[in-house]
Amino acid sequence: MKPKVVVYVFPGTNSEHETKRALEDSGVDVALVRSDDRTSAAKNADGYVLPGGFAHEDRIRAGAVAAHDRAMDVVIEAAQKGKPVLGICNGAQVLLESGLVPGTSSARRPSAAFAPNLPGGRFRCVHVHVRLMIPPARSALLSALPNDAVIPAWVAHGEGRLAASFDELARVEREHLAFVYSAPDGETGPEFVPNGSALGAAALINKAGNVLAIMPHPERDAWAYMHRYDLVSAKTAQEALQPSGGITFFRSFAKAFA
Amino acid sequence: MIEHAFEIRLAIPDNEAYTALATLQRLGVACDGIARTDIHVFGFEDTADASGLEAQLKTVATIFNPNKHRLRAREEPRPGAGEVWVSSAEVPAVHDRVTIGGVELRGVRTAWRATSWRLLDSAGKDVPEAILDQAVETLLCNPAFQRAIKL
């Protein structure tokens, strides 16, 4: 039987269908569930995904209202039970606002944030690569990836810069830094960071390794035709529909349920 | 550097304030109303003339729409009683020139913005400070990158 994953849809979510498709291709059953759904189906999933978009219109600040949505009661309880939880872009902002990631504070007391980009708080939409910075075995969600895996993805956010106190950033660097922005060959450096993110951080993970918050969208580079135009090598429609690098991320996530 | 503050208030229903109020009430914060205002603070050299700034701000379409906003200068560049300003924790940089929405603001060297929040009781009066602090801690400010400024 396939694992069942709930993809929560908040008012303002906009990436649920791409995320569902990438997950289904990776071998899990997916239910798109509205955040005001209180049925048992929402509560009894094997894992949860918070997709990208602008939950609750990013009112107050990105992720702040959604972090206090009742749907997050379900997600927090699931995370505490060790179920896989993934937040992408706005979903990642929600996970930080909820305190689940990096998880060094109590629930709903954030210790870090994906804050407005630098310079100037501008919205960035660019193709990026992210490199795995922890041993894959550290997280069930990432265990199917090779060491130093490089994943292509698209950045599309105005608030993706990791910000926290110096002490918290030191903790993040030691224990919670899952992916950093990189070159396609895995080289890292400030020139590859599109938003001024501290530590070059693109994704953080909690201590238990079951909750991952990633800012770029791997689901938007899941098939060859989604690549940046100068990366496309497909000569035929068939080639253009082949899986791309982003799908490896979701296939690893799916193996967390094995 | 001398700072001047301006508030830009919505003259139409404020959906964001409504969302904040509903969320705070669900979190158990005892309040019956809320007022939200955008605050813009501009720094001038001590000798600079700031008299034309208010009129100039009214030409910046990205922050002011006369059909739905009301703009006024604040007497002081700091929060009043019963009010909290939530802004970025970063110290504003000093620039040779500051532009907003493509409009260069004459004489302005620093610019930062905040959101002003006031929580109200059923009589429309400011709630006690402890309740405002509770709202700041639970929802209105993320201390990882923001600061809450009170009188």
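Now for a quick tour of the structure. (Residues numbered from 1 in each chain as written. Chains lettered and ligands numbered in written order. Predicted model: local features only at pLDDT ≥ 70, side-chain atom pairs only at ≥ 80, totals over all residues.)

### Focus: the pairing of strand β9 (residues 177-182) of chain A
Residue and element names in this part refer to chain A. Across the six residues of β9, six count as buried, placing the element largely inside the fold. Pairing of strand β6 (residues 124-132) with β9, which is carried by four bridges, proceeds in the antiparallel orientation. Paired with Arg131 across the bridge in β9 is Val180. Pairing between β9 and strand β10 (residues 201-205): three bridges, direction antiparallel. Of the residues in β10, the one forming a bridge with Phe179 is Ala203. (Buried ≥ 20, exposed ≤ 12 C-beta atoms within 10 Å, placed from the backbone. Helix = DSSP H or I, 4+ residues; strand = E, 2+ residues; numbered from the N terminus. Pairing = 2+ DSSP bridges.)

### Brief notes about the nonpolar core
All names here are of chain A. Grouped together as the largest cluster of nonpolar side chains are 116 residues, with contacts concentrated most on Tyr48 and Ala203. Take this core: its biggest share by element is seven residues, from helix α3 (residues 71-80). Look past the residues within four positions of Tyr48 in its chain and what remains in contact with it is Val5, Val6, Tyr8, Val75, Ala78, Lys83 and Val85. (Core = buried A, V, L, I, M, F, W, Y, C linked by C-beta atoms within 7 Å. Contact = placed C-beta atoms within 7 Å.)

### Details of the pairing of strand β11 (residues 211-214) of chain A
All names here are of chain A. Along β11, one buried face is formed by Val211 and Ala213 and the opposite face, lined by Leu212 and Ile214, is buried too. Strand direction decides the pairing type here: strand β4 (residues 85-88) and β11, joined by four bridges, are parallel. Bridge pairing in β11 places Leu86 opposite Leu212. Note: β10 against β11, three bridges, orientation antiparallel. If you follow Ala203 over to β11, its bridge partner there is Ile214. Following β10, the chain reverses through five residues before pairing antiparallel with β11; Gly209 in that reversal takes a positive phi of roughly 85°.

### Overview of helix α5 (residues 166-176) of chain A
All names here are of chain A. Among the residues of α5, those classed as buried are Glu168, Val172 and His176. The buried residues of α5 all sit within an arc of 45° when viewed along its axis, so they share a single face. Within α5, the exposed residues directed more than 90 degrees away from the buried face are Phe166, Asp167, Ala170 and Arg174. On the buried face of α5, the contacting elements are β5 (112-115), β8 (161-164), β9 and β10. (Arc of directions from axis to C-beta.)

### A look at the interface of chain B and chain A
Every contact between the two is made by ten residues of chain B and, on the other side, 15 residues of chain A. For the side of chain B that touches chain A, the elements supplying multiple residues, two or more each, are α1 (15-26) and α3 (129-140) of chain B. The residue makeup of the side of chain B that touches chain A, split by class, is six nonpolar, three polar and one charged. (Nonpolar A, V, L, I, M, F, W, Y, C, P; charged D, E, K, R; others polar.)

### What to know about the sheet that holds strand β1 (residues 2-10) of chain B
Residue and element names in this part refer to chain B. Here six strands make up an open sheet; going across it, the order is β3-β1-β2-β7-β4-β8 and the pairing antiparallel. Each edge of the open sheet carries a strand with a single partner, namely β3 (69-73) and β8 (146-150). Within this sheet the neighbouring strands show an average axis-to-axis angle of 30°, counted without direction. In this structure, β1 lies alongside β3, joined through five bridges in antiparallel fashion. The residue bridging Glu7 from the neighbouring strand is Arg72, located in β3. (Axes fitted to C-alpha atoms, helices over the stretch in contact; angles between N-to-C directions.)

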